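If you want the building blocks of each chain, they are given just below.
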Amino acid sequence: MSIKSDHWIRRMAREHGLLEPFEPNQVRQIDGRKVISYGTSSYGYDVRCANEFKIFTNVHTTNVVDPKNFDPTSFVSITEDYCIIPPNSFALARTVEYFRIPRNVLTICLGKSTYARCGIIVNVTPLEPEWEGHVTLEFSNTTPLPAKIYANEGVAQMLFFESDEPCDVSYRDRAGKYMGQLGVTPPRP
């Protein structure tokens, strides 16, 4: 298994629709305004966060967070240019980019250092072979202060690992429950 370079990412985006929309270079400014970088890097792709957020709240006094029986009223949905996450809480968002992962590729997501240095952790599970959709992002605010996440700017980096042989069963083959997800997708039982 090997990590894939910027050349591979550009070719796969152009020829196979690996991700859309696609930025072949690193973007650090828009109209002269500094942004948290996004686009193709040496061995990865820095994704952007869309402007759709679901902020975790306990206004309905849920006693436990249960992944098998998640209470959707635990989230407040907003559509804004940024999201303020309360102290010691989290928010869900999605990537601007829509991904189509090849059968012989596993994609891993890591948070950007700009957010990590502020105590904001980005958590995303691996994008499995033949998974496709918008990636649901989780931002944990580990600080005792409110934390700000910017829409349409870089939030995480995707790393692509190509196997020397295709897997026997892909995410598509087993009809995974998050296949083709659009928008911010809460837990599904």
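The notes below deal with the structure included here.

What counts, and at which threshold
- Residues numbered from 1 in each chain as written.
- Predicted model: local features only at pLDDT ≥ 70, side-chain atom pairs only at ≥ 80, totals over all residues.
- Heavy atoms only, no water.
- Helix = DSSP H or I, 4+ residues; strand = E, 2+ residues; numbered from the N terminus.
- Buried < 20%, exposed > 50% of the residue type's maximum accessible area, 1.4 Å probe, protein only.
- Lys, Arg positive; Asp, Glu negative; His and termini not counted.
- Salt bridge = Lys/Arg side-chain N within 4 Å of Asp/Glu carboxyl O.
- Polar contact = N/O pair within 3.5 Å; in protein donor to acceptor, adjacent residues only side chain to side chain.
- Contact = heavy atoms within 4.5 Å.
- Pairing = 2+ DSSP bridges.
- Disulfide = S-S within 2.5 Å.

### Observations concerning the environment of serine 113
Relative to the elements of secondary structure, serine 113 occurs in helix α2 (residues 113–116). Among the residues examined, serine 113 registers a relative accessible area of 40% and is labelled partly exposed. Taking the C-alpha atoms as reference points, serine 113 and tyrosine 171, separated by 58 residues in sequence, lie 30 Å from one another.

### Thoughts on unusual backbone geometry
Between glutamate 20 and proline 21 the backbone carries a cis peptide bond, its omega angle lying at -5°. For proline 21, the location among the structural elements is in the loop between β2 (19–20) and β3 (26–30). Even without being glycine, alanine 175 reaches a positive phi, approximately 50°. Summarising the element assignment, alanine 175 is placed in the segment after β14 (154–162).

### What about the side chain of glutamate 138?
Position of glutamate 138 relative to the elements: it lies in strand β12 (residues 132–141). The buried charged residue glutamate 138 lacks any salt bridge partner; its closest oppositely charged side chain belongs to lysine 54, at an N-O distance of 15 Å. Polar side-chain contacts of glutamate 138 include one of 2.5 Å to the side chain of serine 140. Contacts of glutamate 138, omitting those with residues within four sequence positions, involve Phe90, Ala91, Leu92, Ile121, Val122 and Asn123.

### So, the pairing of β12
Of all ten residues making up β12, nine are buried, and the element is well covered by its neighbours. Note: strand β9 (residues 90–100) against β12, eight bridges, orientation antiparallel. Its bridge partner lying in β12, arginine 94 is registered against threonine 136. Across four bridges, strand β11 (residues 120–123) lies against β12 in antiparallel orientation. Across the sheet, the residue bridging to valine 122 is phenylalanine 139, located in β12.

### Here we look at the state of the cysteines
A covalent bond between the sulfur atoms of two cysteines is referred to as a disulfide. Applying the stated rule across the entire model yields zero disulfides. Free cysteine: cysteine 118, not disulfide-bonded; nearest cysteine sulfur from cysteine 83 at 15 Å.

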